[in-house]
Amino acid sequence: MLSVLRVHLPSDIPIVGCELTPYVLLRRPDKTVTTDDVPETAPIDGHFLRYKWYRIQSDRKVAVCSVHPSEQATLQCLGCVKAKLPVAKSYHCSPKCFSDAWQHHRVLHDRAASAVNENGNEEEELFGRFNSTGSAVLNTSLSGSTSNSSQINGSTPLYPAAVTQRSGGETWFEVGRFKTYTPTADDIGHVLKFECVVVDAETKFPVGHPNTILTSRVIPAPSPSPRRLIPVNGADMMGQLDSDGRISTTGTFTVLSYNILSDAYATSESYSYCPSWALSWAYRRQNLLREIVGYRADIVCLQEVQNDHFEEFFAPELDKHGYQALYKRKTNEVYNGNTHTIDGCATFFRRDRFSHVKKYEVEFNKAAQSLTDAILPSAQKKNALNRLVKDNVALIVVLEAKFNNQGADTHGKRQLLCVANTHVNVHQDLKDVKLWQVHTLLKGLEKIAASADIPMLVCGDFNSVPGSAPHALLAMGKVDPLHPDLAVDPLTILRPYTKLTHQLPLVSAYSSFARMGVGLGMEQQRRRMDPTTNEPLFTHCTRDFIGTLDYIFYTADSLTVESLLELLDEDSLRKDTALPSPEWSSDHIALLAEFRCKPRPRR
């Protein structure tokens, strides 16, 4: 007879909005073991599986820490309540938690205070007094597991009852009848119960005892503070990216570049500091989607997008938000795993803003084969290809704008745009390969530029720090023959060094922060820039490495930067925390720039 051997959950903590799909191990009547589902529509030997989910409720209430959502809160910041900030942001699990988070937390206070406290005199009274060490005099504490947040501005309790002990008086609400369940806001603070039982297909009665499993308390999905668009054209205003719409005007468009961290690389060994539930793909994919959609970019360039995740998740989900999708999977001469999980570059664009004209795919492996065929004797080709073949690719898309280029005399011409999206080889000891890949991409873009009068954007994770040879080639159009990176060239593929040039007038979008004048938010952003390279201090932040690897380059003769997504600082990522984290689901941070096409000269 059909029987259930084992039931367990892949994640120990359920999160609102993230699917829960238990692992159910079955033994068939023929004694074989399987994890396949046995629905009522396809019973085995007259039996099928029935699933139910329950929410356990009691009279006890609990608040969840805003920094460590898997921990129960013991302290509340009264300043948040008085400032009418979201009450969920006011809870902390310990004085140390509140103190460590203060530099980030006070930003919320400052923004609220700027709207209601013109002279700032009430700030100390509302928000507490902090000394130079960051310790806090907290305004309100939560005793035991009872929160005083049951009524805030007349609202209903934000954190409903939760069970911490198995005892009488519990109420069990059935909330689902499928194997997969997605926790909702109503489940926050509650334990869920999953039940699986074998059922007789004829009588519809259970056979044997049900197999059950309890979850931890459901927690709200942690959300990072929103990042603002900061104009760099001299305006003294900052735009807020939210559901009300983009701040861009008719003639501008926005471009996002983001390495989202492939699930294949998001291992607990590599990111041991990130909670396992926050590292799970079920959680990260929803958090990433919320972040990406929240930026409301017209063009989205993603790197490290797994093939199966593109097809099954990102393409259909972003389609719902009006995006058309294009994808280039990495080649697999080196990769020997499942081709479904190999990653690549994905470019999305809003159908109401652009239409697709042409797509080019760059496979650096093919370029390596052509290079070795042309310059190396056959005896040396194998070793050369072993060094050059790394599976990296680039996706180049030509789009046509559907909006008017406000203020520009287009003379009835089509407004085209070329967008390159790439992920360059990661190995730091292969500086020659990295530079060769960038040079190969730029030469391809030069050919496109020669065939059409077209603005260009070059986005991606170049795995190259500011000042490196690849960065110099992109930003300066050439590489100094004395650059130390050129010392690594065992195949002599970079010589003569005078060939390491290109004619595209590329400029890094984020260098605009260093070039522009004084404005609201500009000085803060400059402090997050490296003054020697005019690039962000970091776009990648792990325990092992903090630095800039990601860029958005644009052709300065045809495009101008209107605004940029504000940079993060280490305080924004919370003290002693690297990426990924519960708030930010990649080890990179997203870059976003707003551009305007320059008027084309009359010919």
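Residues numbered from 1 in each chain as written. Predicted model: local features only at pLDDT ≥ 70, side-chain atom pairs only at ≥ 80, totals over all residues. Heavy atoms only, no water.

Draft legend 1. Representation of the overall build of the protein. Summing up its helical and strand segments, the protein has 12 helices and 28 strands in all. Looking at the 603 residues of the protein, the share that counts as buried comes to 52%. The long-range fraction of contacts in the protein, counting pairs at least 24 apart against all pairs at least 6 apart in sequence, stands at 75%. For the protein, the accessible area works out to roughly 26,800 Å², and carbon and sulfur atoms hold 50% of it. (Helix = DSSP H or I, 4+ residues; strand = E, 2+ residues; numbered from the N terminus. Buried < 20%, exposed > 50% of the residue type's maximum accessible area, 1.4 Å probe, protein only. Contact = heavy atoms within 4.5 Å. Areas by Shrake-Rupley, 256 points an atom, 1.4 Å probe, with all protein chains shown as cover.)

Draft legend 2. Representation of the packing of helix H7 (residues 364-375) against helix H9 (residues 431-451) within the structure. It is the contact of H7 with H9, at a shortest axis distance of 11 Å, that shows an interaxial angle of 95°. Considering the angle they form, H7 stands roughly perpendicular to H9. Residues Phe364, Ala367, Ala368 and Leu371 of H7 form the contact with H9, whose participating residues are Trp436, Gln437, Thr440 and Leu441. Residue composition of the contact of H7 with H9, by class: 6 nonpolar, 2 polar and no charged. (Axes fitted to C-alpha atoms, helices over the stretch in contact; angles between N-to-C directions. Parallel < 35°, antiparallel > 145°, perpendicular 65-115°, else oblique. Nonpolar A, V, L, I, M, F, W, Y, C, P; charged D, E, K, R; others polar.)

Draft legend 3. Geometry of the pairing of strand S27 (residues 559-565). Of all 7 residues in S27, 6 are buried, a share of seventy percent or more. Examined bridge by bridge, strand S11 (residues 228-231) and S27 share 3 bridges and lie antiparallel to one another. In the sheet register, Ile230 faces S27, and the bridge partner there is Leu564. In this sheet, strand S28 (residues 591-597) lies alongside S27 in antiparallel orientation, the contact comprising 5 bridges. Directly across from Leu559, in S28, lies its bridge partner Cys597. (Pairing = 2+ DSSP bridges.)

Draft legend 4. Fine view of the packing of aromatic side chains. Evaluation of the coordinates by the stated rule reveals 20 aromatic pairs. Considering the side-chain rings of Tyr271 and Tyr273, the 6.2 Å spacing of their centres and the 90° angle between planes classify their relative orientation as edge-to-face. Summarising the burial analysis for this pair, Tyr271 and Tyr273 share the class buried. Pairing Tyr554 with Phe595 gives two aromatic rings, centres 5.3 Å apart and planes at 55°, and the pair type is tilted. With Tyr554 in strand S26 (residues 550-555) and Phe595 in strand S28, this pair connects stretches of sequence that are 41 residues apart. Look at Tyr554 and you get buried, because its relative accessible area is 5%. Residue class for Phe595 comes out buried when judged on its relative accessible area of 0%. (Phe/Tyr/Trp six-rings, centres within 6.5 Å; stacked < 30°, edge-to-face > 60°.)

Draft legend 5. Molecular detail of the pairing of strand S18 (residues 393-401). A large share of S18 lies buried, amounting to 8 of its 9 residues. Summarising the sheet, strand S17 (residues 354-363) and S18 pair through 9 bridges and their orientation is antiparallel. Bridging across to S18, His356 finds its partner in Leu399. Sheet topology places S18 next to strand S19 (residues 416-423); 7 bridges connect them, and they run antiparallel. Across the sheet, residue Leu395 finds its bridge partner in S19, namely Asn421.

Draft legend 6. Structural detail: unusual backbone geometry. Pro496 follows Arg495 through a cis peptide bond whose omega is -5°. Between Leu579 and the following residue, Pro580, the backbone shows a cis peptide bond with an omega angle of 0°. Inspection of the secondary structure puts Pro580 in the loop between S27 and S28. Positioned with a positive phi, Arg296 is a non-glycine residue whose angle comes to about 55°. With respect to the helices and strands, the residue Arg296 is situated in the loop between helix H5 (281-295) and strand S14 (299-306). The phi angle at Asp391 is positive, at roughly 75°, despite the residue not being glycine. One can find Asp391 in the loop between helix H8 (378-388) and S18. A residue is classified by how much of its surface remains accessible, and Asp391, at 3% relative accessible area, is buried.

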